[in-house]
Amino acid sequence: MKRLIISTLTAALLGSTLGLGQVHAADDIRPRMIRFGYGLNEDSNQGRAVKLLAEEVAKASDGKLKVRTFGSASLGSDDQMQNALIGGAQEMMVGSTATLVGITKEMAVWDTPFLFTDPGQADQVLDGPVGRQIMDKLEEKGLVGLAYWENGFRNVTNSARPIEKFEDFNGIKLRVMPNPVFIDTFKRMGANAVPLPFSELFTALETKAVDGQENPYNTILSSKFYEVQKFLSVTNHVYSPWIVTASKRWWDGLSETEQGIIMAAAQKARDAEREDTRREASQALAALKEHGMQINEVSPEEIQRMREQAQPAIQTVIDAVGQDLFDQVQAEVEKAAP
Ligand code: TF8
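Identification of the chain as TRAP transporter substrate-binding protein from Stutzerimonas frequens is taken from an unreviewed UniProt entry. For the record of the chain, the UniProt heading Sequence similarities (unreviewed entry) holds the text "Belongs to the bacterial solute-binding protein 7 family."

A few words on the pairing of strand β9 (residues 231–234). Put simply, side chains in a regular strand alternate between the two faces of the sheet. Of the two faces of β9, the one holding Phe231 and Ser233 and the one holding Leu232 and Val234 are both buried throughout. Relative to β9, strand β5 (residues 155–158) runs antiparallel, the two sharing 3 bridges. Considered in β9, the bridge of Asn158 is made with Phe231. With 4 bridges connecting them, β9 and strand β11 (residues 294–297) associate as parallel partners. Its bridge partner being in β11, Phe231 is matched across the sheet by Gln294.

Trans peptide bonds make up the majority, and among non-glycine residues the majority have a negative phi. The phi angle at Asp62 is positive, at roughly 55 degrees, despite the residue not being glycine. Relative to the helices and strands, Asp62 resides in the loop between α3 (45–60) and β2 (65–70). The class of Asp62 is exposed, set by a relative accessible area of 73%. One non-glycine residue, Ser72, adopts positive backbone phi at about 55 degrees. Residue Ser72 is classed as partly exposed on the basis of its relative accessible area of 46%.

As a matter of local geometry, the ligand sits amid 13 residues, with Asp78, Asn151, Arg154, Arg175 and Asn215 nearest to it. Within the contact set of the ligand, an oxygen atom lies 2.8 Å away from a side-chain nitrogen or oxygen of Asp78. Within the contact set of the ligand, an oxygen atom lies 2.7 Å away from a side-chain nitrogen or oxygen of Arg175. About the coverage of the ligand: the protein hides 99% of its 320 Å² of free accessible area. Spatially, the ligand is embedded in the largest pocket. Taken together, the residues of the shell around the ligand sort by class into 4 nonpolar, 6 polar and 3 charged.

What follows is about helix α11 (residues 256–290). Taking 1.5 Å per residue, 35 residues should reach 51 Å; α11 reaches 49 Å between its end C-alpha atoms and fits that length. Along α11, the helix axis deviates most sharply at Ala284, where the bend reaches about 45 degrees. Looking one or two residues beyond α11, the residue adopting positive phi is Gly292, at roughly 95 degrees.

Reading guide: rules and limits
- Residues numbered from 1 in each chain as written.
- Predicted model: local features only at pLDDT ≥ 70, side-chain atom pairs only at ≥ 80, totals over all residues.
- Heavy atoms only, no water.
- UniProt positions renumbered as here; feature names shortened; annotations may be inferred.
- Buried < 20%, exposed > 50% of the residue type's maximum accessible area, 1.4 Å probe, protein only.
- Helix = DSSP H or I, 4+ residues; strand = E, 2+ residues; numbered from the N terminus.
- Pairing = 2+ DSSP bridges.
- Near = heavy atom within 4 Å.
- Polar contact = N/O pair within 3.5 Å; in protein donor to acceptor, adjacent residues only side chain to side chain.
- Areas by Shrake-Rupley, 256 points an atom, 1.4 Å probe, with all protein chains shown as cover.
- 1 Å grid on protein atoms, 1.4 Å probe; cavity = no way out; pocket = protein on both sides within 12 Å on 5 of 7 lines; lining within 4 Å.
- Sits in = over half its atoms within 2 Å of the grid points.
- Nonpolar A, V, L, I, M, F, W, Y, C, P; charged D, E, K, R; others polar.
- Expected span 1.5 Å × (residues − 1).
- Bend = angle between axes of the 7 residues up to and from the residue.

Right under this line is the structure:
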């Protein structure tokens, strides 16, 4: 009996050391269903990239890892999904870094008004060491950051008038992302800043609960804000990243192979998404005009005045992230200047 056990054990040990490679590697990928939520609709830059990520994961895992995608905030607002990830009730999502500030305050650094001047510069800083360092801060809060995607440079729409100078914000009820830096920035511009989750935004615009909002061209187009907003003012006042996150509780139970497949897919989708977003953004103004929006460029002088007006909001960023990290990001931004 003893012999039998020993020889069985030896066989098992030999089996694993001799590799029986295939058995082992296959074991490394277990059939799993991954719930992946996002806030925009399927027919958006975000939706297209999530679909690509799901396809890449299926391909690389021989269909064992199945990413089920849930768009249009059908699993909840960014905020709700973040908490579902932390609790382990949902596996993955993509959303704004700005809505993570309540969880990981360092994320507020990306909300610094006028931080980046060009998307290539944003890529370099986000994908570089300081971007990774900030992403890694999520882990102590129960989240794993996989990749930054592009939401993009934000522009203002409203139903009252063209914004040509910051004084034009006066009295405008402007929906902002629920985040202290955004609230502060737009209060300083003179707007009545109203924090609201994105999932409630269209209805709020439609019912005139708010007069305006700010988002990249792509979102103004894909979320059909042109149906409920007349004026689009080109301010490019901040660059917004998206971030793909996973539930740490769930992620830690994956094999290295599984983690590698998902990470590679998030990065591949990132590269495709940035290209797609930039291509779409370059044609979006014409499309929005066709949909009847009245578009105005803000003069460089008035942008400079907006920048000065928003300047004190930088203190809100520094209070959240600390002077050291803020300086470190500034140094990376300068290094990556176009
Ligand atoms: C916003 C953001 C949103 C994103 C999206 C829901 O205005 O720009 O578009 O967070 O993932 O809330």
